[in-house]
Amino acid sequence: MIMYVYTLTNILKKRQDYMYTPWHGKDFITEYISNRKCALSKLEDSYPTAASEYELIKDIESTLQIQSSQKTQNINTTAMLLELINNNLELTDHASALFKIESLLKSFEVRKKIYTKYNELFKPLSKEFSNLENYILFSIVLLKQFTLTNEYRYLNTILKLNDLIISTGLESVTKANKALISLLLTRELSCIQKLLQERSIQYE
Amino acid sequence: MNKINIGLLGVDSIRTRAYISVLTKLNITLEEAIILSGGKSHTPEVIEKSCYFNNQIHSIKMLQALETPINILETSDINDATVVTALNHSRPKLFIYSGSGGSIIKNNILSTQKQFLHIHPGILPEYRGSTTIYYSLLKENKCGASGIILDENIDTGPVIASKEFPPPDDRKSIDYEYDPYVRSALLSEILTYYLHNGRLPEKNNQNREGFNYYIMHPLLRHITMLSQSHPSNSGV
């Protein structure tokens, strides 16, 4: 019986609410780890060199046609996420960055989707939500936030975003995106393994 | 019997049974209970006997034993028009709220001019939102409960009481045992105060700033349940 069922069907097409979780004991931890390792094996050697996160994001940026949203209050999600990644969250305009992160987190947790455009109150302005890059970039933003704060609610949403990313199948993902997903899953696994170690939870 | 001018609005759930167990212990007869009986059952198929409260008997039978007048509605929707009508025809100004998990009371219910006492499983304003008993255990190795008067936002109403609890001995029993237990234990303290003073404890408005917790991912839930203690956590 498969216990880690959260990546079996495309979550972008069929929403996953994570309600009524059955108790599976330590076996569940083992299955989660093999789920992530299986996804990582599909992403292996996807990039010619061991590129840094910075280089990978620059590669993605160069392929995107990001429209400037400066003339209106509307938010272009990809542009906003890239800005959050490129800026040092600890320093520049911290309150504004935090507002954007918390608002998008709330919107994703409620709707289980990331839309391409929002108004200034983070109500979706477009019906388009299938841009996988936005899910990847938001997961990177939250990883940064989790590293800074150790707040488990960020790790919680990272797990859901990464489930969603894996659930799409990963076949039609670009090389740069594959490398970013690989980096994301490796870091997620490392955060979880650290947590398991702190809690003295042994698993096979 | 201690007859009090308070009502109960809810469904038959383990939490409601825990609340009524408190009423039984304190010998309290409520003025009225409105029970939503429509939709699927809110209790698990197999209920192991709890050491904390009576979880074996249906809420309606427990209320009948306390001679509480019961208005049974055929809906499962807490915001249904029949609930509004029932509330408008009811005498109590204050209702203990025990609706199904995840349902949010809307303005049509709040505008009935009744007050709804909700026991949230977390210390407020720190732990707003969903599955907060798990987050609090994961973060601080302790649990909490807060009694609030519901308002239009999630877990932002004025707090009338709150209490911390130690972690449960058996973390696999949180949903159907420890969560209802901590809520009912705080309800017991609030109702005892009410019996002695004829009113609820003083309300304290919350700082409305802050964030919500969202439903915990099954992996973090398993880690929380498998964690027995954490060196940095002192517990209660």
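Residues numbered from 1 in each chain as written. Chains lettered and ligands numbered in written order. Predicted model: local features only at pLDDT ≥ 70, side-chain atom pairs only at ≥ 80, totals over all residues.

Quick notes on the overall build of chain A
Reasoning step 1: Secondary structure summary: chain A contains 7 helices and 2 strands in total.
Reasoning step 2: Put simply, chain A runs from its N terminus to its C terminus through helices and strands in the order α-α-β-α-α-β-α-α-α.
Reasoning step 3: Within chain A, the proportion of its 204 residues that are buried is 34%. (Helix = DSSP H or I, 4+ residues; strand = E, 2+ residues; numbered from the N terminus. Buried ≥ 20, exposed ≤ 12 C-beta atoms within 10 Å, placed from the backbone.)

Brief notes about the overall build of chain B
Reasoning step 1: Scanning chain B from terminus to terminus reveals 7 helices and 9 strands.
Reasoning step 2: Computed over its C-alpha atoms, the radius of gyration of chain B comes to 17 Å, within 12% of the 18 Å expected for a compact globule of 236 residues.
Reasoning step 3: If one aligns the C-alpha atoms of chain B with their principal axes, the spans along those axes are about 55 × 40 × 35 Å.
Reasoning step 4: Restricting to contacts in chain B with at least 6 residues of sequence separation, those with at least 24 account for 76%. (Rg over C-alpha atoms; globule rule 2.2 N^0.38 Å. Contact = placed C-beta atoms within 7 Å.)

A word on the pairing of strand 4 (residues 94-98) of chain B
Within a regular strand, side chains alternate between the sheet's two faces.
Residues and elements named next belong to chain B.
Reasoning step 1: Across the 5 residues of strand 4, 4 count as buried, placing the element largely inside the fold.
Reasoning step 2: As paired elements, strand 1 (residues 2-11) and strand 4 share 5 bridges and run parallel to each other. Within strand 4, the residue paired with isoleucine 6 across the bridge is leucine 94. (Pairing = 2+ DSSP bridges.)

Re the interface of chain B and chain A
Reasoning step 1: Each partner contributes residues to the interface: chain B has 21 residues there, and chain A has 23 residues.
Reasoning step 2: Counting residues per element, the ones that place at least two in the side of chain B that touches chain A are helix 5 (132-140), strand 9 (212-213) and helix 7 (218-226) of chain B.
Reasoning step 3: Ranked by residue count, the leading element in the side of chain B that touches chain A is helix 7 of chain B, at 8 residues.

Observations concerning the sheet that holds strand 7 (residues 143-149) of chain B
All names here are of chain B.
Reasoning step 1: Strand order in the open sheet made by the 7 strands is 3-2-1-4-5-7-8, with mixed pairing throughout. Of all the strands in the sheet, just strand 3 (70-73) and strand 8 (159-165) have a single pairing partner and so form its edges. Between one strand axis and the next, the sheet turns through 20° on average, direction left out of account.
Reasoning step 2: Each of strand 1, strand 2 (28-36) and strand 4 is contacted by helix 1 (residues 14-25), which is oriented at about 135° to strand 4, the strand it contacts most.
Reasoning step 3: Seen against the sheet, helix 3 (residues 81-88) touches strand 2 and strand 3 and runs at an angle of roughly 165° to strand 3. (Axes fitted to C-alpha atoms, helices over the stretch in contact; angles between N-to-C directions.)

Quick word on the environment of glutamate 102 of chain A
Reasoning step 1: Position of glutamate 102 of chain A among the secondary structure elements: in helix 4 (residues 94-111).
Reasoning step 2: As a C-alpha pair, glutamate 102 of chain A and leucine 142 of chain A span 40 residues in sequence and 9.8 Å in three-dimensional space.

Concerning the environment of glycine 157 of chain B
Residues and elements named next belong to chain B.
Reasoning step 1: With respect to the element layout, glycine 157 can be found in the loop between strand 7 and strand 8.
Reasoning step 2: Glycine 157 sits in the buried class, given 24 other C-beta atoms within 10 Å.
Reasoning step 3: On a C-alpha basis, the gap between glycine 157 and leucine 26 in space is 26 Å, while along the polypeptide they are 131 residues apart.
Reasoning step 4: Excluding residues that lie within four positions of it along the chain, glycine 157 makes contacts with Ile148, Ile149, Leu150 and Asp151.

Some details on the nonpolar core
Reasoning step 1: With 105 residues, the main nonpolar core has Ile136, Phe138, Val141, Ile158 and Ile181 of chain A together with Ile96 and Leu220 of chain B as its most contacted residues.
Reasoning step 2: Those residues in contact with isoleucine 158 of chain A that lie beyond four places of it in its chain are Ser139, Leu142, Leu143, Phe146 and Glu188 of chain A. (Core = buried A, V, L, I, M, F, W, Y, C linked by C-beta atoms within 7 Å.)

Some details on the packing of helix 5 (residues 132-149) of chain A against helix 6 (residues 152-167) of chain A
All names here are of chain A.
Reasoning step 1: Orientation of helix 5 relative to helix 6, taken along the N-to-C sense of each, is 155°, at an axis distance of 9 Å. One way to sum up the angle between helix 5 and helix 6 is to call them roughly antiparallel. For the element pair helix 5 and helix 6, the recorded crossing hand is left-handed. Where helix 5 abuts helix 6, its residues Leu132, Tyr135, Ile136, Phe138, Ser139, Leu142, Leu143, Gln145, Phe146 and Thr149 lie against Tyr154, Leu155, Thr157, Ile158, Leu161, Asn162, Leu164 and Ile165.
Reasoning step 2: Grouping the amino acids of the contact of helix 5 with helix 6 by side-chain chemistry returns 13 nonpolar, 5 polar and no charged. (Parallel < 35°, antiparallel > 145°, perpendicular 65-115°, else oblique. Left-handed = near helix turned anticlockwise from the far one by under 90°. Nonpolar A, V, L, I, M, F, W, Y, C, P; charged D, E, K, R; others polar.)

Things to note about helix 7 of chain B
Reasoning step 1: For helix 7 of chain B, the buried fraction is high: 8 of the 9 residues fall into the buried class.
Reasoning step 2: If you check which residues of helix 7 of chain B are buried, you get Pro218, Leu219, Leu220, Arg221, His222, Ile223, Thr224 and Met225 of chain B.
Reasoning step 3: Along its buried surface, helix 7 of chain B packs onto helix 1 (26-43), helix 6 and helix 7 (175-198) of chain A together with helix 5 of chain B.

Regarding helix 1 of chain B
Residues and elements named next belong to chain B.
Reasoning step 1: The first and last C-alpha atoms of helix 1 sit 16 Å apart over 12 residues, in line with the 16 Å expected at 1.5 Å per residue.
Reasoning step 2: Most of helix 1 is tucked away, with 10 of its 12 residues classed as buried.
Reasoning step 3: Along helix 1, the positions that sit buried rather than exposed are Ile14, Arg15, Thr16, Arg17, Ala18, Tyr19, Ile20, Ser21, Val22 and Leu23.
Reasoning step 4: Buried residues in helix 1 make contact with strand 1, strand 2, helix 2 (59-65), strand 4 and helix 6 (174-197).
Reasoning step 5: Where helix 1 ends, the next residue or the one after it, asparagine 27, has phi of about 60°, a positive value. (Expected span 1.5 Å × (residues − 1).)

A word on the confidence of the model for chain B
Should pLDDT be low for a region, the predicted coordinates there are not to be read in detail.
Residues and elements named next belong to chain B.
Reasoning step 1: Here chain B averages 93 in pLDDT, while 97% of its residues score no lower than 70.
Reasoning step 2: Averaged pLDDT values over the elements of chain B bottom out at 94 in helix 4 (residues 107-110) and peak at 98 in strand 7.
Reasoning step 3: Low pLDDT (under 50) marks residues 230-236, which in the prediction has 13 contacts with non-local residues, meaning those over four places away or in another chain.
Reasoning step 4: Two summary scores accompany this predicted model of the complex, namely pTM at 0.92 and ipTM at 0.92. (pLDDT = per-residue confidence, 0-100.)

Let's talk about the packing of helix 1 of chain A against helix 7 of chain A
Residue and element names in this part refer to chain A.
Reasoning step 1: As a packed pair, helix 1 and helix 7 sit with axes 9 Å apart at the nearest point and diverge in direction by 155°. Between helix 1 and helix 7, the interaxial angle falls into the category roughly antiparallel. Crossing geometry of helix 1 relative to helix 7 is assigned as left-handed. Contacts between helix 1 and helix 7 involve Ile29, Arg36, Ala39, Leu40 and Leu43 from the first element and Lys178, Ile181, Ser182, Leu185, Thr186, Glu188, Leu189 and Leu196 from the second.
Reasoning step 2: Classifying every residue of the contact of helix 1 with helix 7 gives 8 nonpolar, 2 polar and 3 charged.

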